[in-house]
Amino acid sequence: MSLLKRLSLIVAVIAAATATAATSTAVRAQDFPSGQMRLIVPFAAGGAADIIGRAIAEKLGALYGRTIIVENMPGAGSNIGITAAVRAQPDGHTLVLASVAVAANVALFKSLPFDPLKDLAPLTLALETPNVVIVPAISDVKTIPDLLAHVKKGSSSYASAGIGSSLHLAAELFKQQAGVDITHVPYRGSSPALTDLITGRIDVMFDNASTALPQVQGGKVRAIAVTTKDRIAQLPDVPTVAESGLPGYEMSNWWALYVTAKTPPAVVAKLSADLRKALADPELAKRFDDVSGRIVASSAEELAAHTAREVKKWERVVESAGIRASQ
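Let me sum up the structure you'll find in this document. Per chain, residue numbering runs from 1 following the sequence as it is written. pLDDT decides what is reported in this predicted model: residues at 70 or higher carry local features, side-chain atom pairs at 80 or more are listed and counted, and totals for whole chains, interfaces and linings draw on all residues regardless. Computation of side-chain values: all heavy atoms of the structure, hydrogens and water removed.

## Focus: the overall build of the protein chain
And step 1. In DSSP terms, a helix is any run of H or I states spanning at least four residues, a strand is any run of E spanning at least two, and both are numbered starting from the N terminus. Along its length, the protein chain carries 11 helices and 10 strands.
And step 2. Across its three principal directions, the C-alpha atoms of the protein chain cover 90 × 40 × 30 Å.
And step 3. The buried label applies to any residue whose accessible area, calculated with a 1.4 Å probe on protein chains only, is under 20% of its type's maximum; exposed applies above 50%, and partly exposed to all values in between. Here the protein chain, with 327 residues, has 50% of them falling under the buried criterion.
And step 4. A contact between two residues is defined here by any heavy atoms of the two lying within 4.5 Å. Within the protein chain, residue pairs in contact and separated by at least 24 positions form 78% of the contacts whose partners lie at least 6 positions apart.
And step 5. Method for areas: the Shrake-Rupley scheme with a 1.4 Å probe, in which residue coverage is limited to the protein chains shown. Of the roughly 14,800 Å² that the protein chain leaves accessible, carbon and sulfur atoms contribute 55%.

## Overview of the side chain of Asn131
And step 1. Tracing the chain through its elements places Asn131 in strand 4 (residues 120–136).
And step 2. According to the relative accessible area criterion, Asn131 is buried, its value standing at 0%.
And step 3. We define a polar contact as two N or O atoms separated by no more than 3.5 Å, with the added condition that, inside protein, one atom must be a possible hydrogen donor and the other a possible acceptor, whereas residues neighbouring each other in sequence contribute only through side-chain atom pairs. Side chain to side chain, Asn131 and Ser166 meet in a polar contact 3.5 Å long.
And step 4. A distance of 3.0 Å separates a polar side-chain atom of Asn131 from the backbone oxygen of Phe206.
And step 5. Those residues in contact with Asn131 that lie beyond four places of it in its chain are Ser166, Leu167, Ala170, Phe206, Asp207, Asn208, Ala209, Val226, Thr227 and Asn253.

## Here's the deal with the environment of Leu148
And step 1. Of note, Leu148 is situated in helix 5 (residues 144–153).
And step 2. With relative accessibility at 17%, the residue Leu148 sits in the buried group.
And step 3. On a C-alpha basis, the gap between Leu148 and Ala101 in space is 27 Å, while along the polypeptide they are 47 residues apart.
And step 4. Non-local contacts of Leu148, meaning those with residues more than four positions away in its chain, are made with Phe174, Ala178 and Val180.

## Quick word on the nonpolar core
And step 1. Counting 50 residues, the largest nonpolar core has Val133, Leu147, Phe174, Tyr249 and Tyr258 as the members making the most contacts within it.
And step 2. Setting aside residues up to four positions removed in sequence, Tyr249 forms contacts with Ala170, Leu173, Phe174, Gln177, Phe206, Thr227, Val241 and Ala242. Note on terminology: a nonpolar core comprises buried Ala, Val, Leu, Ile, Met, Phe, Trp, Tyr and Cys residues joined through side-chain atoms within 4.5 Å.

## Here's the deal with empty space enclosed by the protein
And step 1. Using protein atoms alone on a 1 Å grid, points that fit a 1.4 Å probe yet trap it form a cavity, whereas open point sets bounded by protein on both sides within 12 Å along at least five of seven lines form a pocket; residues with an atom within 4 Å of a point count as lining. Grid points are joined across faces, edges and corners, and a volume is the space filled by probe spheres set on the points. Overall, the coordinates contain 1 cavity of 30 Å³ or more when judged by the stated rule.
And step 2. Approximately 40 Å³ is the volume found for the largest cavity.
And step 3. Arg38, Leu39, Ile56, Ala57, Leu60, Ile68, Leu95 and Leu257 together form the lining of the largest cavity.
And step 4. Ranked by the residues each element gives to the lining of the largest cavity, the list is headed by helix 2 (residues 48–64), at 3 residues.

## Notes on helix 5
And step 1. Regarding helix 5, the residues found buried are Ile144, Leu147, Leu148 and Val151. Buried residues of helix 5 fall within an arc of 100 degrees about the axis and therefore sit on the same side.
And step 2. Looking at the packing, one finds that the buried side of helix 5 touches strand 4, helix 6 (166–178), strand 7 (204–208) and strand 8 (221–226). The arc in question is traced by the directions running from the helix axis to the C-beta atoms.

## A short note on the pairing of strand 7
Successive side chains on a regular strand alternate, one facing one side of the sheet and the next facing the other.
And step 1. With 4 of its 5 residues buried, strand 7 lies for the most part within the structure.
And step 2. Here 4 bridges tie strand 4 to strand 7, and the two strands are oriented antiparallel to one another. Bridge pairing links Val133 to Phe206 in strand 7.
And step 3. Only when DSSP finds a minimum of two bridges between them are two strands counted as paired. Where strand 5 (residues 157–160) lies against strand 7, 2 bridges are found, and the strand directions are parallel. Along strand 7, the bridge assignment pairs Ala159 with Met205.

## Things to note about the packing of aromatic side chains
And step 1. Ring pairs shown here join Phe, Tyr and Trp side chains whose ring centres sit within 6.5 Å, with only the six-membered ring taken for Trp; geometry is labelled stacked below 30 degrees between planes, edge-to-face above 60, and tilted in between. A complete count under the given rule lists 4 aromatic pairs for this structure.
And step 2. A ring pair is formed by Phe43 and Trp255, whose centres lie 5.9 Å apart and whose planes are at 75 degrees; its orientation type is edge-to-face. In this pair, Phe43 sits in the loop between strand 1 (37–41) and helix 2 while Trp255 sits in strand 9 (residues 252–260), placing the two residues 212 residues apart along the sequence.
And step 3. A residue is classified by how much of its surface remains accessible, and Phe43, at 23% relative accessible area, is partly exposed.
And step 4. Taking relative accessible area as the criterion, Trp255 reaches 4% and is therefore assigned buried.
And step 5. Here a set of aromatic residues connected by ring pairs shows up, and it is made of Phe174, Phe206 and Tyr249.

## What to know about the layout of surface pockets
And step 1. Empty space within the largest pocket amounts to approximately 1,000 Å³.
And step 2. Lining the largest pocket are 44 residues, and of these Phe43, Ala161, Ser165, Ser166 and Asn208 sit closest to its centre.
And step 3. Elements with a minimum of two residues in the lining of the largest pocket: helix 2, helix 4 (101–108), strand 4, helix 6, helix 7 (190–198), helix 8 (209–217) and strand 9.
And step 4. Looking at the lining of the largest pocket, the element that brings in the most residues is helix 2, giving 4 residues.
And step 5. Lys, Arg, Asp and Glu make up the charged group, whereas Ala, Val, Leu, Ile, Met, Phe, Trp, Tyr, Cys and Pro make up the nonpolar group; the residues left over, Gly among them, are polar. For the lining of the largest pocket, a count of residues per class yields 22 nonpolar, 21 polar and 1 charged.

The following block contains the structure:
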């Protein structure tokens with residue numbers, strides 16, 4: 001056989017193999033889902049992440065005509081659950097609901113068992129939830145300028161739900177952009193932190209809206225600003241931090257869905273499109289009012305760009321603050 005004929009044969013074999021692989025992937029996408037699906041929520045049951053995850057799983061499951069099992073895998077700042085999703089069978093049947101922590105943890109932990117930019121295939125940025133800047137109801141602080149003036153008079157403290165939590169990150173971003181020093185007092189969750197804030201032992205807290213709002217409505221704390229770009233419907237008269245004299249400040253605790261990066265692209269594309277359909281259900285918007293969530297329903301490409309930006313943003317904040325989570 002001549003060299004030309006051998007080359008032609010090799011090219012033909014490669015082309016046939018490529019076509020077969022493409023057809024196989026297309027068939028997998030067309031038949032998807034073909035087995036039990038599960039959504040890993042890498043946080044404890046009962047919180048905002050759990051509410052969001054179960055609502056999305058219910059709507060996506062209805063679209064597919066099957067039940068999607070929700071598995072809570074808390075621990076290590078969500079790293080345990082995300083690692084499980086990265087190592088899952090790459091067939092699209094295991095999704096993970098990640099938060100801003102998936103980006104911040106790159107800087108918070110010296111080493112991670114995964115790279116969020118390489119080992120996760122983005123599906124959709126589902127929604128954003130705000131944090132609310134709150135002070136004790138007995139405090140004289142009523143605005144962000146008041147808070148800055150109070151801080152500059154002497155030592156002040158802020159509470160968080162733990163190192164690396166969205167409460168911690170929001171406050172550190174504020175400190176850096178405002179050029180002030182406020183002592184961080186980490187707690188094991190929002191509840192004990194709120195207890196000390198209400199009594200005045202702590203000066204301020206950048207709490208999640210889902211836990212802050214009942215305290216605001218009950219008159220136990222005062223909301224002086226929200227951390228997102230826009231005001232929220234539940235507190236229409238409360239300005240954003242940016243509106244209050246710190247232009248450019250923006251922080252949201254976002255929630256996004258991913259699968260392991262080894263999942264076939266056609267399956268990833270189908271999941272992304274189907275999740276956006278599920279998020280378009282008007283009932284979800286009402287259910288997410290409980291966590292002050294704003295549905296985004298981005299494309300996979302938009303989530304990829306968003307994740308990369310957030311990794312860079314929080315690397316700067318974490319490194320400047322010298323924050324280090326447990327290893």
